[in-house]
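The lines below spell out each chain.
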Amino acid sequence: MKIVRFSHEESIRYGVVDETDIVVLAGDPLFAGFDTTGQRVPLREVQLLAPVIPRSKVVGVGRNYRDHAAELGNEAPAEPLLFFKPNTSVIGPGDAIVRPGISERVDFEGELVAVIGRVARNVSVEDAAGYVFGYTIGNDVTARDLQKSDGQWARAKGFDSFCPIGPAIETDLDLAQARIVTRVNGEVKQDGPVSDMIHSVAEVIAYASAAFTLLPGDLIMTGTPAGVGPIVAGDVVEIEIPGLGLLRNPVRDA
């Protein structure tokens with residue numbers, strides 16, 4: 001089931017995609033379930049938004065693919081390397097990634113994103129899947145020069161617009177078959193299977209929830225495969241994961 005958040009006739013709603021239509025839900029399914037209003041809206045008539053705006057946090061996992069760690073000259077971490085992105089960094093499909101004037105290099109990082117569905121604290125690896133509401137696509141946009149100069153990652157990864165997600169949340173995804181493909185201006189830059197993760201989604205959720213409580217709507221950005229690189233004003237970044245769709249965002253300068 002694909003869940004979307006959308007704007008239609010000056011109202012923001014949630015719905016379930018049914019071929020070319022959206023079945024409108026009565027409220028946010030993370031908190032109100034899947035009751036419908038009986039209304040159907042053609043997909044072509046709506047503007048898709050970020051499918052969730054975390055009330056709490058976005059949790060990132062650094063260097064979770066060996067080839068990506070190697071391309072930046074880093075060792076793969078023995079345990080998940082966690083960081084936060086503020087919820088103000090989240091944008092949706094079609095929204096512009098804004099390159100801040102204080103950075104000389106901003107990179108794309110295509111990722112699979114897990115959406116937490118219920119309160120998670122000290123969750124076991126075996127039980128972790130039961131805390132996932134669904135999956136979406138994300139771009140862990142990073143000011144690479146600031147990441148290196150700061151020595152920690154909050155600023156480099158936390159600018160407004162540095163967390164595009166969407167277009168939908170899929171509640172049933174086969175992780176074993178999922179693959180991340182990132183294109184910039186139509187040219188493939190990243191192409192790697194999710195199965196290449198060093199630390200699985202379940203392992204990351206267990207590790208994170210042992211440190212801090214995960215709340216419904218929190219996002220877990222699970223890392224990026226090799227091939228990251230810079231983007232400049234005028235570029236268009238497309239990240240595709242079969243089964244989840246395609247997330248497309250233009251790039252502009254501040």
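Everything below is about the structure shown above.
Residues numbered from 1 in each chain as written. Predicted model: local features only at pLDDT ≥ 70, side-chain atom pairs only at ≥ 80, totals over all residues. Heavy atoms only, no water.

Draft legend 1. Broad picture of the overall build of the chain. Scanning the chain for helices and strands turns up five helices and 20 strands. Taken over C-alpha atoms, the radius of gyration comes to 17 Å for the chain, in line with the 18 Å a tight globule of 254 residues would show. For the chain, the C-alpha atoms occupy an extent of roughly 55 × 45 × 30 Å along the three principal directions. Counting only residues that meet the buried cut, the chain has 54% of its 254 residues in that class. At a minimum sequence separation of 6, the contacts of the chain that also span at least 24 residues come to 72%. As presented, the chain carries roughly 10800 Å² of accessible surface, and 47% of it is formed by carbon and sulfur atoms. Measuring between centres, the 23 positive side-chain charges of the chain sit 3 Å from its 35 negative side-chain charges. (Helix = DSSP H or I, 4+ residues; strand = E, 2+ residues; numbered from the N terminus. Rg over C-alpha atoms; globule rule 2.2 N^0.38 Å. Buried < 20%, exposed > 50% of the residue type's maximum accessible area, 1.4 Å probe, protein only. Contact = heavy atoms within 4.5 Å. Areas by Shrake-Rupley, 256 points an atom, 1.4 Å probe, with all protein chains shown as cover. Lys, Arg positive; Asp, Glu negative; His and termini not counted. Charge placed at Lys NZ, Arg CZ, Asp CG, Glu CD.)

Draft legend 2. View of the packing of aromatic side chains. With the rule as written, the count across this model stands at four aromatic pairs. Summarising the aromatic geometry, the rings of phenylalanine 159 and phenylalanine 162 are spaced 5.2 Å apart at their centres and angled 55° between planes, so their arrangement reads as tilted. With respect to burial, phenylalanine 159 and phenylalanine 162 carry one shared label: buried. We note arginine 118 situated over the ring of tyrosine 131; from NZ or CZ to the ring centre the distance is 3.8 Å. (Phe/Tyr/Trp six-rings, centres within 6.5 Å; stacked < 30°, edge-to-face > 60°. Lys NZ or Arg CZ within 6 Å of the ring centre and 35° of its normal.)

Draft legend 3. Fine view of the sheet that holds strand 10 (residues 106-108). Spatially, the three strands line up as an open sheet ordered 13-10-18, and their pairing is antiparallel. Looking at the sheet topology across the chains shown, the edges are occupied by strand 13 (142-143) and strand 18 (229-231). In this structure, strand 10 lies alongside strand 18, joined through three bridges in antiparallel fashion. Residue pairing in the sheet places phenylalanine 108 in a bridge with glycine 229 of strand 18. (Pairing = 2+ DSSP bridges.)

Draft legend 4. Seen up close, the pattern of salt bridges. Within this structure, the stated rule accounts for 17 salt bridges. Of the charged contacts, one joins lysine 85 and aspartate 140 as a salt bridge, the two residues approaching to 2.6 Å between their closest N and O atoms. Here lysine 85 is found in strand 7 (residues 81-85), whereas its partner aspartate 140 is found in the loop between strand 12 (132-139) and strand 13, with 55 residues between them in sequence. The exposure classification of lysine 85 matches that of aspartate 140, with both residues buried. Here arginine 105 and aspartate 107 are joined by a salt bridge, their closest N and O atoms 2.7 Å apart. (Salt bridge = Lys/Arg side-chain N within 4 Å of Asp/Glu carboxyl O.)

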